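# Understanding the architecture of this molecule
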Amino acid sequence: MDSEIAFDYSPLLKIYKSGRIERLMGETAVPPSLTPQNGVISKDVVYSPDDNLSVRVYLPEKAADTDEKLPLLVYFHGGGFIIETAFSPTYHNFLTAAVSASDCIAVSVDYRRAPEHPLPISFDDSWTSLKWVFTHIAGSGPESWLNKHADFGKVFLAGDSAGANIAHHMAMRAAKERLSPELSDSGIFGIILVHPYFWSKAPVDDKETTDAAVRSKIEAIWMMASPDNKDGVDDPWLNVVQSDSVDISGLGCGKVLVLVAEKDALVRQGWGYKAKLEKNGWKGKVELVESEGEDHVFHLTRPDCENALEAMKKFAGFIKGEM
C-alpha cells in the first residue's frame, strides 16, 4: 500500500496513498564548518526550540577575531514552500559565496514546509526567526556572532523564488509590527528579491506566458503549499502584483533590488512588482536587473556561469551600498 502513489509532482515530490511524502530533490544536507570555505565560516543555531528549527549563521573568517560590525543579511531559501532547506549544498554554497562577495554576516533560515505544514506556517516560522535575530540588537542575544558583528542599522532581507515571496511579506509585516522594542521603524534597510514567486490567475501583463501547461503547473504547486485557501493563485500571499486589493506602498524598507531571468515564467511578475512599487506611493528606490537568456534560479544550478557571477555582483553591491 505504501508504494501506491496518490499524487506525482515529479521532479519535486511524490505523495503516497499512505500519506508518506517523498521529496525528490533538495533533501541532502551539508554540515556547517568552522574551517573556512571561500573565506567564510558557519554554524547552526536553534531559533525555535519548540519546533526544533534552526538557522545557519555565516561569518567572514577575517572578522571573527575583530569587533568589526558588518551588514546583516537574513536569507530565506526557495523551493515553492515545499522542497529544499537552509542546509542543502545548493544554499550552503550560495550563502558562502554571497557572504564572501558582500562582506556581511548572514542568517539563513530553515522553516517548516508544505504539504505537511501548509501555509502560512512558512511565513510564521520566518517571522519567528526574524524576531529571534532582532533579540541581538542590543548585543545581548543568545548568538555571539550576531551580538559581536551584526550592524542592525544595515539589515537586509533576501530570498529566491518562494524565499523572495517570504522576504517581501516579512518587510511588509515589519512595517506594521515592531521586531524589537529597540526599534522606531521596521528595522529593515533593504530587500533583495531573486526571481520572486508571485502569481495570479490571469496574466499580469501581455508579455507573461499564456501556456496552459506552465500556468497549471505553477497553480498546482501553489495549491499543494496552500490547499485550504479559497482564492487559489489569487490568494493575497501569492497575488501581490496584479491584485488591486493588495497594497504594497507600506513596504518596510527604503531600497529594493529585484533580479529576474528572461526565460523564467515568473519574469513579468518581477517587472510588475517594480512598477507597482513605483506607482503606488512607496517612497523608496527600486532597481531591477534581468539576466538575458536565463531561466528560473539558474544562478543556483550554474553558479559559475557569467550571468550568475554578474547577478552575484549586483547582489553583493546592493548590500555593500553600491546602489
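Residues numbered from 1 in each chain as written. Predicted model: local features only at pLDDT ≥ 70, side-chain atom pairs only at ≥ 80, totals over all residues. Heavy atoms only, no water.

## What about the packing of helix α1 (residues 89-102) against helix α8 (residues 306-319)?
Two elements in contact, α1 and α8, have axes whose closest approach is 9 Å; the angle formed by their N-to-C orientations is 55°. The pairing of α1 with α8 is recorded here as oblique in orientation. Between α1 and α8 lies a crossing whose hand is right-handed. Contact residues: F94, A97, A98, A101 and S102 in α1; M312, F315, A316 and I319 in α8. When its residues are assigned to classes, the contact of α1 with α8 shows 8 nonpolar, 1 polar and no charged. (Axes fitted to C-alpha atoms, helices over the stretch in contact; angles between N-to-C directions. Helix = DSSP H or I, 4+ residues; strand = E, 2+ residues; numbered from the N terminus. Parallel < 35°, antiparallel > 145°, perpendicular 65-115°, else oblique. Left-handed = near helix turned anticlockwise from the far one by under 90°. Contact = heavy atoms within 4.5 Å. Nonpolar A, V, L, I, M, F, W, Y, C, P; charged D, E, K, R; others polar.)

## Some words on the nonpolar core
Among the nonpolar cores identified, the biggest contains 75 residues, and L72, L157, I191, L251, V256 and Y273 are the most heavily contacted of them. Sort the elements by how many residues they give to this core and helix α4 (residues 162-176) lands first, with 8 residues. L73, Y75, A106 and F318 belong to the second largest nonpolar core, which has 25 residues in total. (Core = buried A, V, L, I, M, F, W, Y, C linked by side-chain atoms within 4.5 Å. Buried < 20%, exposed > 50% of the residue type's maximum accessible area, 1.4 Å probe, protein only.)

## Considering the pattern of salt bridges
One pass over the structure, following the stated rule, counts 16 salt bridges. Across the pair E278 and K274 runs a salt bridge whose closest N-O atoms are separated by 2.9 Å. One end of the pair is E278 and the other is K274, both in helix α6 (residues 267-279) and 4 residues apart, which spans about a single turn. Each of the salt bridges in this network shares a partner with another, and the network as a whole consists of D51, R112 and D125. (Salt bridge = Lys/Arg side-chain N within 4 Å of Asp/Glu carboxyl O.)

## Observations regarding α8
In a regular helix each residue adds 1.5 Å, so 14 residues correspond to 20 Å; α8 covers 20 Å between its end C-alpha atoms and thus fits that length. Among the structural elements, β6 (70-76), α1, β8 (150-160), β9 (190-194), β10 (255-261) and α7 (298-301) are those in contact with the buried residues of α8. Immediately downstream of α8, the backbone of G321 shows phi near 85°, a positive value. (Expected span 1.5 Å × (residues − 1).)

## A word on the environment of H92
As for its position among the elements, H92 is in helix α1. Each C-alpha atom of the pair H92 and A29 lies 8.9 Å from the other, and the pair is 63 residues apart in sequence. Those residues within four positions of H92 in sequence are excluded, and the remaining contacts are V30, P31, P32, Q37, S42, R56, Y58 and A86. In terms of polar contacts, H92 uses its side chain to reach the side chain of Q37, at 3.0 Å. (Polar contact = N/O pair within 3.5 Å; in protein donor to acceptor, adjacent residues only side chain to side chain.)

## Some points on the packing of aromatic side chains
Under the definition given, this model contains 12 aromatic pairs. Between Y75 and Y91 the ring centres are 6.3 Å apart and the planes differ by 45°, which places this aromatic pair in the tilted class. One end of the pair, Y75, is in strand β6; the other, Y91, is in helix α1, and 16 residues separate them in sequence. For the pair Y75 and Y91, a shared accessibility class is recorded, and that class is buried. Ring geometry for F156 against F318: centres 5.7 Å apart, planes inclined by 70°, an arrangement best described as edge-to-face. Placement of F156 in strand β8 and of F318 in helix α8 is noted, with a sequence separation of 162 residues between them. (Phe/Tyr/Trp six-rings, centres within 6.5 Å; stacked < 30°, edge-to-face > 60°.)

## Overview of the UniProt feature "domain: Alpha/beta hydrolase fold-3" (unreviewed entry) in the chain
Cross-referencing UniProt, the feature "domain: Alpha/beta hydrolase fold-3" (unreviewed entry) maps to residues 73-299 in the present numbering. Taken end to end, residues 73-299 is 34% helix and 17% strand, and its first and last C-alpha atoms sit 18 Å apart. (UniProt positions renumbered as here; feature names shortened; annotations may be inferred.)

## Re the UniProt feature "active site" (unreviewed entry) in the chain
UniProt records the feature "active site" (unreviewed entry) for S161 in the present numbering. Relative to the elements of secondary structure, S161 occurs in the loop between β8 and α4. Judged by relative accessible area, S161 falls into the buried class, the value being 8%. Setting aside residues up to four positions removed in sequence, S161 forms contacts with G78, V194, H195, P196, Y197 and H296.

## A short note on the sheet that holds strand β2 (residues 13-16)
Read from one edge to the other, the open sheet built from 3 strands follows the order β1-β2-β3, with strand pairing classed as antiparallel. Across the chains shown, the open sheet's two edge strands, defined by having one partner strand only, are β1 (5-9) and β3 (21-23). Direction aside, neighbouring strands of the sheet carry axes that sit 10° apart on average. (Pairing = 2+ DSSP bridges.)

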